[in-house]
Amino acid sequence: MLRQGLYVVRGLYRDGLKLIRLAGQQSFNRAHLPASYCHQPIGVRALTMSSWPFSSKPRDYSLPNESWSPEMQKLYDHYNALCEVEEEGEKKRGAWWRLPSYNRTLKYATGGRCLSKLLQAKARLFTRNIEEPGAGFEYVVFLNKPEKSCVCVFQAGHLLEGPPGHVHGGAIATMIDSVTGTLATYLSGPVMTANLNMNYRSPIPLGSVVLVHCALEKVEGRKTFISCRVTSSDRAKLHTDATGLFLTINVGHLFGA
Ligand SMILES: CCCCCCCC(=O)SCCNC(=O)CCNC(=O)[C@H](O)C(C)(C)COP(=O)(O)OP(=O)(O)OC[C@H]1O[C@@H](n2cnc3c(N)ncnc32)[C@H](O)[C@@H]1OP(=O)(O)O
């Protein structure tokens, strides 16, 4: 028992060192990643479960729960169906990927458990820190790899109220930052938001379901430019449009380097 525990601690320590070494590089390079990471997009890779050393798995917040409205479920089913295509009677991976989502950014990456203890043991990802299903940000992101775009299906809960009965502008900005940031991370590796420009065109009723569409505009050196449109679920109404600039960072930047 004690020996098993020591093996786990030693493994985590080794993985932690690997991650810290990776953190010193300008950007993640496939050649330096464990083989199990290499078939997944960066956003997914950071959260891979393949080397999860414990028996209990963390909750994936992007899966349907009882708070989802029929509209939210319908849109989830629509995009989820695009993740798998049938060719000559065989099921194959489609152009779309559903991205899993956890409530901590570091803990569930290889070695991240060590790092999250070193940094902020109580830290929780802002958009996933409300445990009550449906009260805050209910969302799922689907990535379209060939088109370098993504769609987020977002249902805003009662804790996100701003103007009476409508979603707070800061909550909308949070979702835009998260989804554009997710796409930029997938395309360019570790990034931070340098600039977000937002035009609020029409209010979003609380409890409604909207789509957050994001697409790559261009990459210039360390700069990744993403455009974003938040629309009603039938795409007929534009709620917000935005642009985001993301700068590739050396992960050491997060550690004060
Ligand atoms: C999975 C969940 C995803 C969630 C995604 C959420 C992402 C986030 O919210 S990140 C948190 C919010 N963002 C931050 O806190 C970032 C704070 N800012 C910083 O750390 C730094 O300013 C940082 C990293 C953005 C840029 O710093 P640095 O790497 O030193 O870049 P710097 O040398 O100043 O500038 C590089 C280039 O970018 C340009 N640039 C930098 N900032 C800006 C800006 N705000 N607007 C326009 N251009 C800019 C510079 O002009 C320069 O251009 P050029 O090379 O053509 O001369």
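- Under an unreviewed UniProt entry, the chain has the name Acyl-coenzyme A thioesterase THEM4 and belongs to Clupea harengus.
- Its UniProt record, at the heading Sequence similarities (unreviewed entry), says of the chain: "Belongs to the THEM4/THEM5 thioesterase family."

## Notes on the site of the ligand
Move 1: Neighbouring the ligand are 13 residues, the closest being Gly181, Met192, Thr193, Ala194 and Asn195.
Move 2: Counting residues per element, the ones that place at least two in the shell around the ligand are helix H5 (169-188), strand E6 (191-200) and strand E9 (238-248).
Move 3: In terms of residue count, H5 provides more of the shell around the ligand than any other element does, five residues in total.
Move 4: Among the residues making up the shell around the ligand, the classes are represented as five nonpolar, six polar and two charged.

## A closer look at the environment of Glu132
Move 1: Tracing the backbone shows Glu132 in the loop between helix H4 (112-119) and strand E4 (137-144).
Move 2: Its 10 C-beta neighbours within 10 Å are what place Glu132 among the exposed residues.
Move 3: In the structure, Glu132 is positioned 87 residues away from Val219 in sequence and 38 Å away in space, judged by C-alpha atoms.

## Thoughts on unusual backbone geometry
Move 1: With a phi close to 50°, Glu88 is a non-glycine residue in the positive phi region.
Move 2: By the C-beta count within 10 Å, which is 5 here, Glu88 ends up exposed.
Move 3: Although it is not a glycine, Arg235 adopts a positive phi angle of roughly 70°.
Move 4: Looking at the element boundaries, Arg235 is found in the loop between strand E8 (223-232) and E9.

## What about H5?
Move 1: Along its 20 residues, H5 runs 27 Å from first to last C-alpha, staying within 8% of the 28 Å computed at 1.5 Å per residue.
Move 2: For H5, the buried fraction is high: 15 of the 20 residues fall into the buried class.
Move 3: Count one or two residues on from H5 and you reach Gly189, which has phi positive near 85°.

## Examining the nonpolar core
Move 1: By size, the foremost hydrophobic cluster in this structure holds 43 residues, and its most contacted members are Cys152, Val153, Met175, Val179 and Val212.
Move 2: Secondary-structure elements contributing two or more residues to this core are helix H3 (70-81), strand E3 (96-99), E4, strand E5 (149-156), H5, strand E7 (209-220), E8 and E9.
Move 3: Here Met175 is in contact with Phe137, Tyr139, Cys152, Phe154 and Val212, once residues within four sequence places are set aside.

## Examining the UniProt feature "domain: Thioesterase" (unreviewed entry) in the chain
Move 1: Within the UniProt annotation, "domain: Thioesterase" (unreviewed entry) is assigned to residues 165-236.
Move 2: The span residues 165-236 is 28% helix and 44% strand, and its two end C-alpha atoms sit 21 Å from each other.

## Regarding the sheet that holds E3
Move 1: What the seven strands build is an open sheet, ordered E3-E4-E5-E7-E8-E9-E6; its pairing is antiparallel. In the strand order of this sheet, the two ends are held by E3 and E6, each with one partner. On average, each strand axis in the sheet is inclined to that of its neighbour by 20°, with strand direction left out of account.
Move 2: Relative to E9, E6 runs antiparallel, the two sharing nine bridges. Within E9, the residue paired with Asn195 across the bridge is Leu245.
Move 3: H3 contacts E3, E4, E5 and E7 of the sheet and is inclined by roughly 160° relative to E5.
Move 4: Lying over the sheet, H5 contacts E3, E4, E5, E6, E7, E8 and E9, oriented at roughly 135° with respect to E6.

Definitions and cut-offs
- Residues numbered from 1 in each chain as written.
- Predicted model: local features only at pLDDT ≥ 70, side-chain atom pairs only at ≥ 80, totals over all residues.
- UniProt positions renumbered as here; feature names shortened; annotations may be inferred.
- Near = placed C-beta within 6 Å.
- Helix = DSSP H or I, 4+ residues; strand = E, 2+ residues; numbered from the N terminus.
- Nonpolar A, V, L, I, M, F, W, Y, C, P; charged D, E, K, R; others polar.
- Buried ≥ 20, exposed ≤ 12 C-beta atoms within 10 Å, placed from the backbone.
- Expected span 1.5 Å × (residues − 1).
- Core = buried A, V, L, I, M, F, W, Y, C linked by C-beta atoms within 7 Å.
- Contact = placed C-beta atoms within 7 Å.
- Pairing = 2+ DSSP bridges.
- Axes fitted to C-alpha atoms, helices over the stretch in contact; angles between N-to-C directions.

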